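# Results of the structural survey
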Amino acid sequence: MSNKTKALLYNLFSFALIFVLVRVLLGVYSGLYGFWLPLTAFILSTILAPKFQAVTTRDGEKIFMRWMFIKGTKQF
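Okay, so let's go over this structure. (Residues numbered from 1 in each chain as written. Predicted model: local features only at pLDDT ≥ 70, side-chain atom pairs only at ≥ 80, totals over all residues. Heavy atoms only, no water.)

Turning our eyes to something else, we now look at the pattern of salt bridges. On inspection of all chains with the given rule, the structure shows one salt bridge. For Asp59, the salt bridge identified is with Lys62, shortest N-O distance 3.5 Å. Judged by its relative accessible area of 65%, Asp59 is exposed. Under the relative-accessibility criterion, Lys62 is labelled partly exposed at 22%. (Salt bridge = Lys/Arg side-chain N within 4 Å of Asp/Glu carboxyl O. Buried < 20%, exposed > 50% of the residue type's maximum accessible area, 1.4 Å probe, protein only.)

Following this line, the structure appears as structure tokens:
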């Protein structure tokens, strides 16, 4: 499996995990219902989810992660 595919899967799984968590928490603790609940969960998950990217370097292709809760980028 290539690193680009791994980065895509990491993005998908991290977004999905945060989306489900935020949607459940918003459903329990907020007055949102109907269309607004998943829309708000989508927007918050897009902002909160870490971003993975495959980059070609001199040493080969590597995966880097950037997240708002971590300063800078981290090699993953």
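Let us look at the sheet that holds strand E1 (residues 51–57). Here we have three strands laid out as an open sheet, ordered E1-E2-E3, and antiparallel in their pairing. In this open sheet, the two edge strands, each paired with only one partner strand, are E1 and strand E3 (73–75). If you compare each strand with its neighbour and ignore which way they point, the axes differ by 35° on average. Here seven bridges tie E1 to strand E2 (residues 60–66), and the two strands are oriented antiparallel to one another. Across the sheet, the residue bridging to Ala54 is Ile63, located in E2. The strands touched by helix H1 (residues 3–29) are E1 and E2; relative to E1, the strand with the most contacts, the crossing angle is about 165°. (Pairing = 2+ DSSP bridges. Helix = DSSP H or I, 4+ residues; strand = E, 2+ residues; numbered from the N terminus. Axes fitted to C-alpha atoms, helices over the stretch in contact; angles between N-to-C directions. Contact = heavy atoms within 4.5 Å.)

The next point concerns the packing of aromatic side chains. Tallied over the entire structure, the rule returns five aromatic pairs. Ring geometry for Phe35 and Trp36: centres 5.8 Å apart, planes at 70°, overall edge-to-face. For the pair formed by Phe35 and Trp36, the shared burial category is exposed. Among the aromatic residues, those joined into a ring-pair cluster are Phe15, Phe19 and Phe42. (Phe/Tyr/Trp six-rings, centres within 6.5 Å; stacked < 30°, edge-to-face > 60°.)

Note that E2 and E3 share three bridges and pair antiparallel. Its bridge partner lying in E3, Arg66 is registered against Thr73. Here E2 folds back onto E3, and the loop between the two strands holds six residues, one of which, Gly72, carries a positive phi near 80°.

Turning our eyes to something else, we now look at a nonpolar patch on the surface. Residues Val20, Leu21, Val24, Leu25, Val28 and Tyr29 make up a contiguous nonpolar surface patch of about 640 Å² in total accessible area. Assignment of secondary structure puts Val24 in helix H1. (Patch = residues over 30% accessible without salt bridge, like charges linked within 9 Å, V, L, I, M, F, W, Y side chains within 5 Å. Areas by Shrake-Rupley, 256 points an atom, 1.4 Å probe, with all protein chains shown as cover.)

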